[in-house]
Each structure stands twice: as C-alpha cells, then as structure tokens.
Amino acid sequence: MPTVTPRFQAMASVCELHLVGDHEAQLQRAAEAAIAEVQRIERVWSRYRPDSVVSHINAAAGTGERVVVDAETAHLLNFAAQLHAASGGLFDITSGVLRRAWDFKTGRLPEPETLAALLPLIGWPMVSWDGQSVALPQAGMELDFGGFGKEYAADRAHALLVAHGVRHGWVNLGGDLRVIGPQTDGRPWVFGIQHPRAADRGADTTLGHISLSEGALATSGDYERYFECFGRRYCHILDPRTGWPVQHWRSVSVVAPVCVAAGALSTIAMLMGDSAIDFLSGQNVRFLACNSSGAVVHEGL
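First, a word on what this report is: a plain description of the structure on this page. (Residues numbered from 1 in each chain as written. Predicted model: local features only at pLDDT ≥ 70, side-chain atom pairs only at ≥ 80, totals over all residues. Heavy atoms only, no water.)

## Focus: the side chain of Ser-52
Inference 1: Tracing the chain through its elements places Ser-52 in the loop between helix 1 (24–45) and helix 2 (53–59).
Inference 2: Polar contacts involving the side chain of Ser-52 include one to the main-chain carbonyl oxygen of Ser-46, which spans 2.6 Å.
Inference 3: The contact partners of Ser-52, leaving out residues within four places of it in the chain, are Arg-43, Val-44, Trp-45 and Ser-46. (Helix = DSSP H or I, 4+ residues; strand = E, 2+ residues; numbered from the N terminus. Polar contact = N/O pair within 3.5 Å; in protein donor to acceptor, adjacent residues only side chain to side chain. Contact = heavy atoms within 4.5 Å.)

## So, the sheet that holds strand 5 (residues 128–129)
Inference 1: Pairing in this open sheet of 3 strands is antiparallel, and the strands run 4-6-5 from one edge to the other. Two strands close off the open sheet at either side, each with one partner strand: strand 4 (67–68) and strand 5.
Inference 2: Here strand 4 runs beside strand 6 (residues 133–135); their pairing, made up of 2 bridges, is antiparallel. Counterpart to Val-68 in the pairing with strand 6 is Ser-133. (Pairing = 2+ DSSP bridges.)

## Examining unusual backbone geometry
Inference 1: The phi dihedral of Met-11 is positive, around 55°, even though this residue is not glycine.
Inference 2: Residue placement: Met-11 occurs in the loop between strand 2 (7–10) and strand 3 (13–20).
Inference 3: One non-glycine residue, Phe-230, adopts positive backbone phi at about 55°.

## Overview of the nonpolar core
Inference 1: Counting residues in each nonpolar core, the largest one holds 86 residues, and the members touching the most others are Leu-77, Ile-93, Val-134, Leu-143, Phe-148 and Leu-280.
Inference 2: In this structure Val-134 touches Ile-57, Glu-65, Arg-66, Val-67, Val-69, Leu-77, Val-127, Ser-128, Trp-129 and Leu-143, once residues within four positions along its chain are discounted.
Inference 3: Judged by nonpolar contacts, the second largest core, of 14 residues, contains Leu-177, Leu-207, Leu-212 and Leu-217. (Core = buried A, V, L, I, M, F, W, Y, C linked by side-chain atoms within 4.5 Å. Buried < 20%, exposed > 50% of the residue type's maximum accessible area, 1.4 Å probe, protein only.)

Interpretation note: all reported values are geometric properties and have no functional meaning in isolation.
So, in structure tokens, the structure goes:
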C-alpha cells in the first residue's frame, strides 16, 4: 500500500507526515495541503515575522491602539484565556517577554534586575480583550502564541488530511503528534517517548512507549532548550510568577483527543510542580511524567 512520508522544517522544528492509503497521488496532494496549512499558521502568528498578527498587536503595546482581529485569532485568544484560568495563571501568553532575559545559546544567568523589570509586563488579566479587538496597555508587553501554536498547527494539518480522504497515518510537528486512524491492519501506532536524559543513556533512549489509534500526544520537557550552570539545569519553560525555569519535572507527556489540549496540559503540568499529578488525574487523560530524580509516574498507559 502506498506510503508518503514528507519531512519539512516549520516553527523551528523538524516535522514529518506519515500517510498510508490506496492512491499515492491523493496522499501527495493531501500532504501538500497539510504542509501549506502549517506554513500559513507560522506566517500568520509567528512573533518573529514583522507582518504577523501577533507582531501587529505587540507593536501597538502602550499606544492605546486596539487591534481588530479575525475570527481565527479571536478563537486562539479565547483559548489562551481559558488556559490561563484553568492553570491558575501559570499558562500565560504574555510571559514570552522573559526571553529578553534568558539566553539559552550563551548559557548566562540573567541579572536579577533584568528579570525584575520584566515581571510587571506579565499578566493576561492586564490584556484588554473584548472578543473582537485587543490592546496591550503597557509599552513592552507582548503576546506569544508559541505555547500552543505548533499544537494548533498539528490539529489543523490533521483536519485537512482527513478532508482529503486520508484515513491512516500521523502528523509529527517537532514531537507534537496527531494521529489519523490506526494502521491499515487495525493495529495502533506505537510511539516512543524520548528519555529526558537520553544523551547520557547510550542505547536506552526511551522513557516508555504509547499506543495510539486516534487522538494526540505532546511532551514538554527540560531537555530541548536548556543550559547548565554550576551543576544546575535551566530550561526554557519559565514560571511567569518568578521568571525562573521550572525544576520539578524533567518531562511530562500527555495523551488527549486533540493536540492543543495535550500540549497545554503537558506544559501546565511542568509549571505546576508537585501538584501536577493531581491536576492531570483530574483531567482524565493518560500521561507519563519523569521527575527531577528520574522517577517515572504514569496513568492509563
């Protein structure tokens, strides 16, 4: 049976589609549509593009200008508001300003006064959002959709692939997965979860395996963007309350019906520290987590 497996770069990640069906030409057309959709999402909401919606909103910070947004952006802003409420304020799309203090390429700790100056710019409740237009009241404030943009793109790619008749396969955007039905013989797909200390473990590089015939899988961890200083690891997942990286979990993987939910829950769990397990159990999702001591906790796997 024909299989199409295009690889491409998007959202600073290596991405891949794995599609199986009866007609290779159909799979190719579906793949092209899905990749174009991922690229559209990056183009429209990337904070790195000066012509993006997010950059337009950020450029108006502190000016009093209200930026009217389209229905899709409104949907994402409403989702951000829901995540902020569900996480007790830990998932906050205004916290991207902290990247001005943290440089994971050079591996230098930020000066305390630098962090102190950024913390007053963080706080979703300060954002003026009326469902149609948005304004950032303070100069220097920013919105950053990076916390769910890749996962949203995975879900959108999945929707387009299904609309093009694809019934078997998966979308992988830098480790954020959305499954399109089981394998052609009915068996689930089996995905390995990278061990957060894989580089130190030789051939034993997986933390576990998860079987999926539908739904999504996302992992948040301290091992993709980080540096070590005086024996301590500092990762890119930053607590908006303090400006400092999380420490309690090495990684959290979550299975959910859609990728935006899986990704948001895994990130919130990383931010919640020792409260994460109770939180995830209350969400009725499958998960696998590895704490700072290397102990593994899982549910439903």
